[in-house]
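Listed below, chain by chain, are the residues.
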Amino acid sequence: MNKQTGKLIAAGVIWAFFLYAAVNSDPIDEYVSVIKRETSTGQPAQPAGQDDPLRRQVLEWKQQKDEQPIDAKIDPAWKSAVPGYNGRLVDVEASIRQMRSTGMTTPDQLVYKEVLPGVTLEQLGPNPVYRGNPKKPAICFMINVAWGNEYLEPMLKTLDRYKIKTTFFLDGSWVKRNPELAREIAKHGHEIGNHAYSHPDMSAIGSQRIREEIGRTQKVIEEAIGFRPTLFAPPSGAFNQQVVDIAANEFQMKTIMWTADTIDWQNPPVSTVIERVRKKMDNGVLVLMHPTASSSSALEQLIKMAKAEGLAPMTVSEVISSKRLDLP
C-alpha cells in the first residue's frame, strides 16, 4: 500500500465516522421523519408541533373567534366623535396551555388578548361625544341635576337595587346649595360630571364666561366631594366648538351629549318616556334624564328593558371607553 492510498483510506474512515454520527443524531432523525411523512401523504409536511391536533383545533377556533379592533372616527353627519372598540384575538399558546392544564378542549377554554384600536378617541382631538361604539353592548341612563331633589332618593334606590352605577351631571349652583346631596350621590359610587354653574346657553356666551361656568362648577364639586370631573354636559345641549375646545384644552374634559332624550322636563306620562327610549335603545346609547316624576317612575322598567336587550347599564366613561365587555 503506497502512502497516497493510506491517506485516502484514513480520510474515508473519518468521513464514515462523522456520517454515522450525523445519521443517528436528532436533527437528521427529524429530517428523515419529515421526508417520510411527505412521501406517504403527498403533501408538504408541517414542522414538528404544527400537526398537533390540539394546536390545529385552537387555530381553527382562532379563525372563527378573532375580532379586529375598530378605530375611533368622526361621524360626518353629527360632526361628533365615535369611540373605537378594542379587538379580541385568541392567544394560541396561552389557550393550549390552559387546555392541557384543565384537560378540556372546548371554546370556553380559549384565552384572549385585548388589542387597542389604531385610532383612539383622544387622538381625534376635541369633539362632542353622543354615544359609545355601536358594537359595544352598553347603555347609560345619565341624569342631569339642577332641581328635582325629591326624586333623587327613589332614583338612587332603584339604581342600588339593580347594582348599577351611572353618571350624574351636576349644576354648580345646585351643588353649592346642596353639597350633602352631591356627597350622597358620590357615596353611592356614581360618576359625577360637570353641568356648568348657572344653566346658561353655552353657545351664546363669550370665552371668559365659558371658563367661569365650567371652572366654578369644578371648584364647588371638588369642595363637596373631593373630585374634579372629567366630563362636561352643556345645559340644554347648547354648545359650539369654542365650548368643546375650552373644556378639553383648559379643563381636560370631554363634552358629552346624548343619543336618546326622554324630554322628561315636560312631565310626560311614564309610558311616553319609556317609548321614547325604547325607539333608540341600542349598543352605546346615552339616555338623557333628569330627576323628575316621569323618569323616576320609568327608570326601573328602562333598566329591565335594557337588560332584556343584552345591554349593560353603566357610567358614561365606561360606555365611551374602547374596553370590551366580553372578556373576563
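What counts, and where the lines are drawn
- Residues numbered from 1 in each chain as written.
- Predicted model: local features only at pLDDT ≥ 70, side-chain atom pairs only at ≥ 80, totals over all residues.
- Heavy atoms only, no water.
- Buried < 20%, exposed > 50% of the residue type's maximum accessible area, 1.4 Å probe, protein only.
- Helix = DSSP H or I, 4+ residues; strand = E, 2+ residues; numbered from the N terminus.
- Arc of directions from axis to C-beta.
- Contact = heavy atoms within 4.5 Å.
- Core = buried A, V, L, I, M, F, W, Y, C linked by side-chain atoms within 4.5 Å.
- Lys, Arg positive; Asp, Glu negative; His and termini not counted.
- Salt bridge = Lys/Arg side-chain N within 4 Å of Asp/Glu carboxyl O.
- Polar contact = N/O pair within 3.5 Å; in protein donor to acceptor, adjacent residues only side chain to side chain.
- Axes fitted to C-alpha atoms, helices over the stretch in contact; angles between N-to-C directions.
- Parallel < 35°, antiparallel > 145°, perpendicular 65-115°, else oblique.
- Left-handed = near helix turned anticlockwise from the far one by under 90°.
- Nonpolar A, V, L, I, M, F, W, Y, C, P; charged D, E, K, R; others polar.
- Pairing = 2+ DSSP bridges.
- 1 Å grid on protein atoms, 1.4 Å probe; cavity = no way out; pocket = protein on both sides within 12 Å on 5 of 7 lines; lining within 4 Å.
- Points joined across faces, edges and corners; volume = space filled by probe spheres on them.

**Student:** How would you summarise helix α5 (residues 149-161) if you had to cite specific residues and measurements?
**Tutor:** Of all the positions in α5, only Leu 152, Met 155, Leu 156, Thr 158 and Leu 159 are classed as buried. Down the axis of α5, the buried set is contained in an arc of 160°. They therefore lie on one face. Of the surrounding elements, those touching the buried residues of α5 are β5 (138-145), β6 (167-170), α6 (172-177), α7 (179-187) and α11 (293-308). Immediately downstream of α5, the backbone of Lys 163 shows phi near 55°, a positive value.

**Student:** Any details on the nonpolar core? Residues and values, ideally.
**Tutor:** Inside soluble globular proteins, nonpolar side chains tend to come together where they are buried. Core analysis: the largest hydrophobic core is formed by 35 residues, its most contacted members being Phe 141, Phe 168, Leu 170 and Leu 302. Sorting elements by how many residues they give to this core places α11 first, with six residues. For Leu 302, the contacting residues outside a window of four places in its chain are Phe 141, Val 273, Ile 274, Val 277, Met 281 and Met 289. In terms of nonpolar packing, the next biggest core, distinct from the first, is built from 16 residues, Ala 233, Leu 286, Met 314 and Ile 320 among them.

**Student:** Quick one: what's the story with the side chain of Glu 191, residue by residue and with numbers?
**Tutor:** Turning to its location among the elements, Glu 191 is positioned in strand β7 (residues 191-194). No salt bridge is formed by the buried Glu 191; the nearest opposite charge belongs to Lys 254, separated by 9.1 Å. In this structure the side chain of Glu 191 is engaged in a polar contact, spanning 2.5 Å, whose partner is the side chain of Thr 167. Every residue in contact with Glu 191, bar those within four places of it in the chain, is listed here: Thr 166, Thr 167, Phe 168, Leu 231, Thr 315, Val 316 and Ser 317.

**Student:** Break down the pattern of salt bridges for me, citing the residues and quoting the values.
**Tutor:** Counted under the stated rule, the structure contains 16 salt bridges. Between Asp 52 and Arg 100 there is a salt bridge; the shortest N-O distance is 2.7 Å. Here the residue Asp 52 occupies a position in the loop between α2 (26-41) and α3 (53-65), and Arg 100 occupies one in helix α4 (residues 92-102), the gap between them amounting to 48 residues. As a salt-bridge pair, Lys 62 and Asp 66 come within 2.9 Å of each other at their nearest N and O atoms.

**Student:** Explain the packing of α5 against α7 to me, using residue names and the numbers behind them.
**Tutor:** The interhelical angle for the contact between α5 and α7, taken along N-to-C directions, is 15°, at an axis separation of 11 Å. Comparing the axis directions of α5 and α7 gives the class roughly parallel. When the axes of α5 and α7 are compared, the crossing they make is left-handed. Where α5 approaches α7, its residues Asn 149, Leu 152 and Leu 156 are matched on the opposing element by Leu 181, Glu 184 and Ile 185. Looking at the contact of α5 with α7 residue by residue, the class counts come to four nonpolar, one polar and one charged.

**Student:** Can you lay out the pairing of strand β11 (residues 285-289) for me, pointing to particular residues and giving the numbers?
**Tutor:** A large share of β11 lies buried, amounting to five of its five residues. Here β11 shows two buried faces, one formed by Val 285, Val 287 and Met 289 and the other by Leu 286 and Leu 288. Bridge analysis of strand β10 (residues 260-261) against β11 gives two bridges, and the strand direction is parallel. Among the inter-strand pairings, Ala 260 is bridged to a residue of β11, identified as Val 287.

**Student:** Please give an account of unusual backbone geometry that cites residues and values.
**Tutor:** In this model, Lys 79 sits at a positive phi of 55°, which is unusual for a non-glycine residue. Within the chain, Ile 263 stands out as a residue other than glycine whose phi angle is a positive 50°. Its place among the elements puts Ile 263 in the loop between β10 and α10 (270-280).

**Student:** Before we move on, can you summarise the pairing of β7 with the specific residues and values?
**Tutor:** Side chains Glu 191 and Gly 193 project from β7 onto one buried face, and the interleaved Ile 192 and Asn 194 project onto a second face that is buried too. Looking at chain direction, β6 and β7 are connected through four bridges and run parallel. In the sheet register, Thr 167 faces β7, and the bridge partner there is Glu 191.

**Student:** Can you explain the environment of Asp 108? Please cite residues and give values.
**Tutor:** Mapped onto the elements of the fold, Asp 108 is located in the loop between α4 and β4 (112-115). By relative accessible area, which is 62% here, Asp 108 ends up exposed. Separated by 2.3 Å, the side chains of Asp 108 and Thr 106 make a polar contact.

**Student:** Before we move on, can you summarise the layout of surface pockets with the specific residues and values?
**Tutor:** The computed volume of the largest pocket comes to approximately 380 Å³. Taken together, the residues of the lining of the largest pocket sort by class into twelve nonpolar, ten polar and two charged.

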